[in-house]
Amino acid sequence: MVLGTNLRFFRHIGVVEARFQLGLNFLMKGEPHMQVSMTVNGQAVSGDVAPRTLLVHYLREDLRLTGTHVGCETSYCGACTVIVDGKAVKSCTMLTAQAEGAEITTIEGLAENGDLHPVQEGFWERHGLQCGFCTPGMILSAVTLLEENADPSEDEIRLGIEGNLCRCTGYHNIVKAIEYAGAKLRGEEPAPAEWEVKA
Amino acid sequence: MSTTSALGGVVRRREDPALIQGKGLYVDDLNLHGMLHVAFVRSPFAHAKITSIDTAAAQAMPGVRAVYTADDVRHLGLLPAQAAAIGRPLLADGEVNHMGEAVVMVLAETRAQAQDAVDAVDADYDPLPVVIDLKEALANTNLVHEGVESNTLITWTAPFGVEEDGLNELRAKIDEYKARDDVVTVSLEMVNQRLIPVAIEPRSVVAEWSAGYQQMTVHSSSQTIGAVASAVAGMLGIPYNQVRGIAPEVGGGFGAKLALYADELLIPWAARELDAPVKYTETRREAASNTIQGRGWLGTSTITGTRDGQVLSYEIDAICDMGAYCQDLTVAIPFLGVFVGSGQYGFDTRMQLDCVVTNKQTTDAYRGAGRPEAIYYLERIMDAYSREIGMDPAQVRMKNYIPSESFPGAMSPVGFAMDTGDYAMNLQTMLDSPEYSAMKAARDQPRSDGKLVGLGMSTYVEACGFGPSALVDLGFSWSGYGQPSAFNGSGLVRVNPDGTANVIIGTGPSGQGHQTTWAQIVSNELGIEMDKIRVTHGDTKDAPITIGTFGSRSAAVDGSATFEASRKVREKAARIAADLLEASEADIQFADGGAHVAGSPDKRVEWAAIAEVAYQPHRMPDGEEGGLEAHAIFSPGNATWPFGSVACLVTVDPETGDVSIEQWMSVDDCGNVINPMIVDGQIHGGIAQGVGQALFEEAIYDDEGNLLTAGLIDYPIVTAVDVPMFNLSRTTTPTDVNPMGVKGIGEAGTIGAAQTLVNAVVDALAPLGVKHVDMPMRPRRVWQAIQDAKASA
């Protein structure tokens, strides 16, 4: 009995994952390439990529911006979230070619002149991260959430980050971190921490 | 302002600046020159003979450098494990025993080329009968492995250490209880389902071999990098001191990165064979089907007690799913459940846990590891019993606790000495809290929205902080990996000539904040400013002999070792300072970056000045050796036994079966606390994983052994909208088994959570006649329970 070995193993593949695999396959040498140009973290970049190169691979492999993480390859976990033209986008389900001419912000480009963005500061102040793997995507989703809604309720924050999975924090301190950042961005004093910080 | 840290203080995490700016290094971020990439051909069958493997087409694919099968790696032996009743071949050897088992390893210049070549491998299989159902596995209807008489690998019984005669006497005694006419006996068959750990970072391994220096470097996203280095050394025949294991940032572990994996040996082996760096990063699908899974018990709990709440006996008979092979601690995981089988209670307890192999992925340590399962069965049946006799479940628990006077060293009915505990005080703290009163009031408030409301509570005890050196005799060591070290802690503290300090530890974080906590321990002991202390971990080149991070052991065991190393450094520094200040050594105190004479803060010398003398031996007091560093190994006399009380309020929509958590609280006791912020964070995350088990998560294998939940769409973990804010408080009962009095908190949240939520849902549905709902309590299952109850009413 002869079977393609992967046929049944992959029979529950979703469309999205198939697309991810396809993207990988087209990274092969010898594949026709195309020119792409975009602005990443304020810098103009251009490159030569296979047409189906996914944005996350371009960022990680070509630009070596490894703060954007691959967690699930199915646009479900959100670890690969970056900001494309002001919107939070899961870069494992966007082609590099689709980002032609776009303004992209990755986690590496969020701090300005060495000053942390208030959301980054909030995650630090309120223990919004543990292992840190989901953190870049979570922070960038929170940044766009606060741009769209300057004073979100707890429920609105939770709904706003529903597409970003965290396995460490139980989200409690992530919500607190975003509340902290929202207050800072509004020019208000953040609510006190649940603990007294000593140093 | 004091810049040194006291234990018990919140200090912002020192690991965060890199992580919040995307500058942390995870294994998959490594990109070494000339690096080859690995992909595996994996079995599409749960159980089959491999009749042929044709790799010729794959070998000829672009960029492919090598294609390996069992024939190439058989000589290396089976994957070493601590309890290897059934060991795993590094690549399937003639037979596959679970879906996704690695059959062929392909190495190519790019990951895409490797994956493409995987599709070109032609492997033929002859399917065999599969063993999926646990009762059929126990009945040996079909056997998973040839040449083995039974699917049962081991049967754990409790009380621990009691032979069959003694167990029969206990059975007879329990039968007498049941025959009394003033008692009720309540019994439930319940599932504690298989789970997939789901660290958000998939596992990744990179190996480099230096032929010139005969040096192997293995980077792995592992909780136990010392074990990885030991195993690589042993299996590849390289001396341990020529293997360097590095675990940089580890993106979540939860036990799944404790086990040693075949790829952690195959990748270094291939790197040496091909003299090139090699990387393997698992896909999410591989993470689901090939990283270890957890739980997987099917059991019956039975409780017998009087109508006024005095429990006479508790019994559990369960079948525990080991999967196809034994990995790290596989059969030892249910044994960890035996440790806490009788919980916080003093009543007679009998346990029988049959550990069976099945044609599924191996189970091993997943957050809690045996203890959530054991506490689940116990606390669910305590709840059912309370309901049966119409008593407040909190009062029933109060009535049956081991009294605080029995501590320290109370003996549990299942046969273990427990360190410290005051269970009634802890539960009373929860019952007296305004939050608990508010939940009770909300539960009894009439509602206009038609939702059913339930209040659930439970209490737990945990055994963690392993562990005593003598556990080696029960198989708890890395001796299976060629390193016969017990589960010791280790720490090294060095004060440098400029007065800064390096702390090098044998345990590493996967999110727990070791760099911060350990700096606090050392700062508190030496009075060196936090900013001048650098904590490093996860590199076997520098570290003292390392065991790793698991079983909520880091602070209690390795933290204690670092504490003791700090104390040694302090004692020596005190002698130098006494000499410099012309004072008595006994009067030297350390704070705010230096030493001073007690009562005379002006008579003071900075750490840098002390260190300068230490590295200029001619200036040292007579008889002192140069240098200012110390190393300590710590082996505790017992595990630590944290405990706590948990409650939650839920609403259930009777139309849809949807469960919503309205409020959650817990009162946890993990002894002394080093950094309350980090401790709370551990509890939050632990609760969320317990909630995930109760509501959503289940690794589902179909009748043919296909894993149906291999992606995050089919295997939903908790999102931000599924949980409320958690209301935490604590009581403090320090342990007496380590110098800091700390217990462990990494798993407590999970251990206390799932049964609390099921108890709450059953409380909501009890008026309809529902007695139990199995996990995961997805809407359809809850809705069905409501329909069934209505139909039989």
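What counts and what doesn't
Residues numbered from 1 in each chain as written. Chains lettered and ligands numbered in written order. Predicted model: local features only at pLDDT ≥ 70, side-chain atom pairs only at ≥ 80, totals over all residues. Heavy atoms only, no water. Helix = DSSP H or I, 4+ residues; strand = E, 2+ residues; numbered from the N terminus. Contact = heavy atoms within 4.5 Å. Areas by Shrake-Rupley, 256 points an atom, 1.4 Å probe, with all protein chains shown as cover. Buried < 20%, exposed > 50% of the residue type's maximum accessible area, 1.4 Å probe, protein only. Expected span 1.5 Å × (residues − 1). Salt bridge = Lys/Arg side-chain N within 4 Å of Asp/Glu carboxyl O. Pairing = 2+ DSSP bridges. Axes fitted to C-alpha atoms, helices over the stretch in contact; angles between N-to-C directions. Parallel < 35°, antiparallel > 145°, perpendicular 65-115°, else oblique. Left-handed = near helix turned anticlockwise from the far one by under 90°. Nonpolar A, V, L, I, M, F, W, Y, C, P; charged D, E, K, R; others polar. Domains from an automatic or database assignment. Buried area = accessible area lost by both parts, 1.4 Å probe. Polar contact = N/O pair within 3.5 Å; in protein donor to acceptor, adjacent residues only side chain to side chain. Phe/Tyr/Trp six-rings, centres within 6.5 Å; stacked < 30°, edge-to-face > 60°. Lys NZ or Arg CZ within 6 Å of the ring centre and 35° of its normal.

When helices and strands are counted, chain A shows seven helices and five strands. The secondary structure elements of chain A, listed N-terminal to C-terminal, are α-α-β-β-α-β-β-β-α-α-α-α. Contacts in chain A between residues far apart in sequence, at least 24 positions, make up 58% of those at least 6 positions apart. Taken as a whole, chain A presents about 8100 Å² of accessible surface, with 50% of it coming from carbon and sulfur.

Below, the discussion takes up unusual backbone geometry. In this chain, Phe407 of chain B is followed by Pro408 of chain B through a cis amide linkage whose omega measures -5°. Looking at where Pro408 of chain B falls in the secondary structure, it is placed in the loop between α12 (393-400) and α13 (423-431). With an omega of -10°, the peptide bond running from Met775 of chain B to Pro776 of chain B counts as cis. You can see Pro776 of chain B is positioned in the loop between α19 (748-765) and α20 (779-792). For Glu73 of chain A, which is not glycine, the phi dihedral falls at a positive 65°. Inspection of the secondary structure puts Glu73 of chain A in the loop between α3 (55-62) and β3 (81-84). Even without glycine at this site, Asn113 of chain A takes up a positive phi of about 50°. Here Asn113 of chain A shows up in the loop between β5 (103-105) and α4 (118-125). We classify Asn113 of chain A as exposed; its relative accessible area is 79%.

Before going further, it helps to examine helix α18 (residues 676-695) of chain B. Compared with the 28 Å implied by 1.5 Å per residue over 20 residues, the 28 Å span of α18 of chain B between its first and last C-alpha is a close match. Counting buried residues in α18 of chain B gives 20 out of 20 residues, a clear majority hidden from the surface.

Once that is clear, we can look at the pattern of salt bridges. All names here are of chain B. Taken as a whole and judged by the stated rule, the model has 51 salt bridges over all chains. Its salt-bridge partner being Arg380, residue Asp383 comes within 3.6 Å of it at the nearest N-O pair. Here Arg380 and Asp383 lie together in helix α11 (residues 371-389), a separation of three residues that amounts to about one turn. Taking the relative accessible area as the measure of exposure, Asp383 reaches 4% and is therefore buried. Classification of Arg380 as buried rests on a relative accessible area of 0%. Measuring nitrogen to oxygen at the nearest pair gives 2.6 Å for the salt bridge that ties Arg443 to Asp763. Taken together, the residues span a long stretch of sequence, with Arg443 in helix α14 (residues 434-444) and Asp763 in helix α19 at a distance of 320 residues. By relative accessible area, which is 31% here, Arg443 ends up partly exposed. Connected via shared salt-bridge partners are Arg380, Asp383, Arg387, Arg443, Asp444 and Asp763.

Let us now look at the sheet that holds strand β4 (residues 95-96) of chain B. The strand order β4-β2-β6 (chain B) describes an open sheet built from three strands, whose pairing is antiparallel. Edge positions in the sheet fall to β4 and β6 (122-127) of chain B, since each has one partner strand and no second.

Residue and element names in this part refer to chain B. Spatially, five strands are ordered β7-β15-β14-β13-β8 in an open sheet, and the strand pairing comes out mixed. The sheet terminates laterally at β7 (152-158) and β8 (183-195), the two strands that pair on one side only. Going across the sheet, the axis of each strand differs from the next one's by a mean of 10°, ignoring polarity. Relative to strand β15 (residues 348-357), strand β14 (residues 311-323) runs parallel, the two being bridged by 10 bridges. Looking across to β15, one finds that Cys320 is bridged to Cys355. The strands that α11 touches are β8, β13 (294-306) and β14; relative to β8, the one it contacts most, it runs at about 145°.

Okay, the packing of helix α5 (residues 135-148) of chain A against helix α7 (residues 172-185) of chain A next. Residues and elements named next belong to chain A. Their axes nearest at 11 Å, the elements α5 and α7 cross at an angle of 45°. Between α5 and α7, the interaxial angle falls into the category oblique. Crossing geometry of α5 relative to α7 is assigned as right-handed. Contact residues: α5 offers Met138, Ala142, Leu145 and Leu146, while α7 offers Ile174, Ile178, Ala181, Gly182 and Leu185. In the contact of α5 with α7, the residues fall into eight nonpolar, one polar and no charged.

Residue and element names in this part refer to chain A. Parsing chain A into structural domains produces domain 1 (11-109) and domain 2 (118-185). Opposite the 18 residues of domain 1 that make contact, domain 2 presents 14 residues. Carbon and sulfur atoms make up 65% of the surface buried where domain 1 meets domain 2, a total of about 1200 Å² over both sides. Connecting domain 1 to domain 2 are zero salt bridges. Summed over the shared surface of domain 1 and domain 2, the result is five residue pairs in polar contact (both at pLDDT 80 or more). If you list the elements that add at least two residues to the side of domain 1 that touches domain 2, you get β3 and β4 (87-90). Taken together, the residues of the side of domain 1 that touches domain 2 break down into eight nonpolar, eight polar and two charged.

All names here are of chain B. Here helix α7 (residues 225-236) crosses helix α8 (residues 263-274) at 55°, and the two axes come no closer than 10 Å. Put simply, α7 runs oblique to α8. Every pair of crossing elements has a handedness; the one defined by α7 and α8 is right-handed. Where α7 approaches α8, its residues Val228, Ala231, Val232, Met235 and Leu236 are matched on the opposing element by Glu264, Leu265, Pro268, Trp269 and Arg272.

Attention now moves to the interface of chain B and chain A. By a widespread convention, an interface's size corresponds to the accessible area lost as its parts come together. The interface is formed by 84 residues belonging to chain B together with 69 residues belonging to chain A. Regarding the contact of chain B and chain A, the summed buried area is about 6900 Å², with carbon and sulfur atoms giving 57% of it. At the surface where chain B touches chain A, the tally comes to four salt bridges. Of all elements in the fold, only α1 (16-19), β1 (36-42), α4 (111-120), β6, α9 (284-290) and α18 of chain B reach the threshold of two or more residues within the side of chain B that touches chain A. Broken down by class, the residue content of the side of chain B that touches chain A amounts to 42 nonpolar, 22 polar and 20 charged.

All names here are of chain B. The end-to-end C-alpha separation of helix α15 (residues 514-526) is 18 Å, in line with the 18 Å expected for 13 residues at 1.5 Å each. Within α15, 11 of the 13 residues are buried, leaving the element largely enclosed by the surrounding structure. Following α15 by one or two positions, Gly527 adopts a phi angle in the positive range, close to 70°.

Next up on the list: the domain arrangement of chain B. All names here are of chain B. Domain annotation for chain B reports domain 1 (16-22 + 489-634), domain 2 (31-128 + 204-281) and domain 3 (294-466 + 638-792). If you average the C-alpha positions of domain 1 and of domain 2, the two centres end up 40 Å apart. Each side of the interface is counted separately: domain 1 has 15 residues, and domain 2 has 16 residues. Across the domain 1 to domain 2 interface the summed buried area is about 1100 Å²; carbon plus sulfur atoms make up 50%. For domain 1, the biggest contributors to the area lost against domain 2 are Ser510, Gly538 and Thr540; these three give 40% of the whole. For the pair domain 1 and domain 2, the interface holds one salt bridge. Here domain 1 is connected to domain 2 by four residue pairs in polar contact (both at pLDDT 80 or more).

Inspection of the secondary structure puts Asp29 of chain B in the loop between α1 and β1. Note on Asp29 of chain B: relative accessible area 3%, which makes it buried. Measuring from C-alpha to C-alpha, the distance between Asp29 of chain B and Gln352 of chain B comes to 46 Å, with 323 residues separating the pair along the chain. Sequence-distant contacts of Asp29 of chain B, that is, excluding residues within four places in its chain, are made with Arg60, Arg64, Thr66 and His69 of chain A together with Gly24 of chain B.

Time to look at the pairing of strand β2 (residues 48-54) of chain B. Residues and elements named next belong to chain B. Across two bridges, β2 lies against β4 in antiparallel orientation. Within the sheet, the bridge partner assigned to Ala48 lies in β4 and is Val96. Of the pairings in the sheet, the one linking β2 to β6 comprises six bridges and is antiparallel in character. Directly across from Asp54, in β6, lies its bridge partner Asp122.

Under the counting rule described, the total for this entry stands at 22 aromatic pairs over all chains. Considering the side-chain rings of Phe335 of chain B and Phe416 of chain B, the 6.4 Å spacing of their centres and the 65° angle between planes classify their relative orientation as edge-to-face. Here Phe416 of chain B lies in the loop between α12 and α13 and Phe335 of chain B lies in helix α10 (residues 332-339), a separation of 81 residues in the sequence. Note on accessibility: Phe335 of chain B and Phe416 of chain B belong to one class, buried. Relative to Phe466 of chain B, the ring of Phe339 of chain B has its centre 5.5 Å away and its plane inclined at 80°; by these criteria the two rings are edge-to-face. Of this pair, Phe339 of chain B sits in helix α10 while Phe466 of chain B sits in the loop between β16 (452-461) and β17 (489-495), and the two are 127 residues apart along the sequence. Overall, Phe339 of chain B belongs to the buried group, its relative accessible area being 6%. Here Phe466 of chain B falls in the buried class, since its relative accessible area comes to 5%. Here a set of aromatic residues connected by ring pairs shows up, and it is made of Trp156, Phe160, Phe335, Phe339, Phe416, Phe466 and Trp641 of chain B. Across from the ring centre of Trp124 of chain A, 3.8 Å away, lies the NZ or CZ of Arg12 of chain B, which sits over that ring. The residue whose ring lies beneath Arg203 of chain B is Tyr261 of chain B, and the NZ or CZ to ring-centre distance is 3.7 Å.

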